[in-house]
Amino acid sequence: MSASSPGPVRAVVQRPLLRRLLRPVAAFGVVVAVGVAGFSSLGGVGVVDALFWLLDPTSIELHFQAHDGAETLTKGYAVVVLSGLVVTGLWIGETVFSAAFGGQIQTEFKAMQIERTIDELQGHVIICGYGTFGKTVARRLRDGERDVVVIETQDSEFQRALDDDLLAVQGDARREQVLRDAGVKRATTVVGAIDDSNANIQIAMGASQIAPTVRLVVRVGDEMYEALARRAGADEVIIPEVASAEQVTSTL
């Protein structure tokens with residue numbers, strides 16, 4: 001596994017389905033723990049026997065036929081605990097059922113597959129932002145059979161990148177972990193393609209700190225940002241309006 005792969009805890013946090021499933025599973029575990037602790041205290045039995053009482057409540061009556069104790073209270077407690085197990089079990093089932101028929105499980109598996117593919121990439125290009133500029137760059141690179149990973153924050157643009165059969169990571173490219181998730185240490189180039197000069201410069205600064213040898217291409221809105229982008233480590237600064245004007249004049 002690469003160094004950029006998230007740890008187990010972060011993997012759970014990142015997965016909406018796992019976050020949803022964690023709550024009912026945790027509730028089920030709490031009910032089991034409370035049930036075992038209560039049975040051990042009320043019946044004076046060990047953990048194994050208390051767990052068995054959860055599986056077979058009829059053994060409670062058999063126990064108190066041979067032992068003194070608060071039989072009625074223990075039976076009442078068993079009703080409450082078993083009710084909790086039923087409710088939390090139904091909660092787990094409902095979560096899995098709704099995810100399966102809502103397509104969320106398929107979405108999670110697809111996201112995991114994308115992560116594994118990105119972890120295996122070497123020498124790819126990371127494009128931060130999938131607006132008009134980023135989309136055009138991605139299309140040209142893909143036509144040239146280059147591996148591309150898109151980083152996008154907005155749901156619609158992120159989904160559009162996936163629909164265009166591109167590898168994509170959803171998040172803010174100014175965040176170090178998001179760049180790592182996109183495999184910045186193994187990339188050849190990072191392109192700051194967002195419609196925000198300051199954001200692109202911040203991306204360049206962050207990427208250069210994580211991967212000092214990566215090539216940085218930064219899009220800025222006008223020439224006043226060019227010097228700032230260069231100081232941030234940009235190897236190439238692109239001003240779309242200037243580039244477009246030069247293309248037009250070259251045809252005149």
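Residues numbered from 1 in each chain as written. Predicted model: local features only at pLDDT ≥ 70, side-chain atom pairs only at ≥ 80, totals over all residues. Heavy atoms only, no water.

A.B. asks: Could you give an account of the UniProt feature "transmembrane region" (unreviewed entry) in the protein, with specific residues and numbers?
C.D. replies: The UniProt record marks residues 25-55 and 75-102 with the feature "transmembrane region" (unreviewed entry), using the residue numbering of this structure. With 90% helix and 0% strand, the stretch residues 25-55 has end C-alpha atoms that lie 17 Å from each other. (UniProt positions renumbered as here; feature names shortened; annotations may be inferred. Helix = DSSP H or I, 4+ residues; strand = E, 2+ residues; numbered from the N terminus.)

A.B. asks: Which residues make up the sheet that holds strand β2 (residues 148-152), and what are the values?
C.D. replies: The sheet built from six strands is open, its strands ordered β3-β2-β1-β4-β5-β6 with parallel pairing. Strands with a single pairing partner mark the edges of an open sheet, and in this sheet they are β3 (167-170) and β6 (236-238). Going from strand to strand, the sheet's axes swing by 20° on average, the running direction of each strand aside. Bridging between strand β1 (residues 125-128) and strand β4 (residues 189-192) involves four bridges; their strand directions are parallel. Directly across from valine 125, in β4, lies its bridge partner threonine 189. Contacts from helix α8 (residues 155-163) reach β2 and β3 within the one sheet, and its direction differs from that of β3 by about 160°. Packed on one face of the sheet, helix α10 (residues 197-210) meets β1, β4 and β5 (215-219) and runs near 170° to β5. (Pairing = 2+ DSSP bridges. Axes fitted to C-alpha atoms, helices over the stretch in contact; angles between N-to-C directions. Contact = heavy atoms within 4.5 Å.)

A.B. asks: Got a sec to walk through the packing of aromatic side chains? Specific residues and values, please.
C.D. replies: Tallied over the full model, the rule gives three aromatic pairs. Note on phenylalanine 39 and tryptophan 53: the rings are 5.4 Å apart at their centroids and 70° apart in plane angle, and the pair reads as edge-to-face. Here tryptophan 53 lies in helix α3 (residues 47-55) and phenylalanine 39 lies in helix α2 (residues 16-43), a separation of 14 residues in the sequence. A residue is classified by how much of its surface remains accessible, and tryptophan 53, at 4% relative accessible area, is buried. (Phe/Tyr/Trp six-rings, centres within 6.5 Å; stacked < 30°, edge-to-face > 60°. Buried < 20%, exposed > 50% of the residue type's maximum accessible area, 1.4 Å probe, protein only.)

A.B. asks: Provide a residue-level description of the nonpolar core, including the pertinent values.
C.D. replies: Ile126, Ile127, Ile151, Val184 and Val190 are the most contacted members of the largest nonpolar core, which totals 47 residues. Of the residues forming this core, the biggest block, five residues, is contributed by α10. Apart from residues lying up to four places away in sequence, isoleucine 126 is in contact with Val149, Ile151, Leu179, Ala182, Gly183, Val184, Ala187, Thr189, Val190 and Val191. (Core = buried A, V, L, I, M, F, W, Y, C linked by side-chain atoms within 4.5 Å.)

A.B. asks: Which residues make up the side chain of arginine 219, and what values do they have?
C.D. replies: The residue arginine 219 is located in strand β5 in this model. At 2.6 Å, the side chain of arginine 219 forms a polar contact with the side chain of aspartate 195. (Polar contact = N/O pair within 3.5 Å; in protein donor to acceptor, adjacent residues only side chain to side chain.)

A.B. asks: Account for the environment of glutamine 202, with residues named and values stated.
C.D. replies: Residue position: glutamine 202 is located in helix α10. The class of glutamine 202 is partly exposed, set by a relative accessible area of 39%. Once the C-alpha coordinates of glutamine 202 and alanine 229 are considered, the two residues, 27 residues apart in sequence, prove to be 8.9 Å apart.

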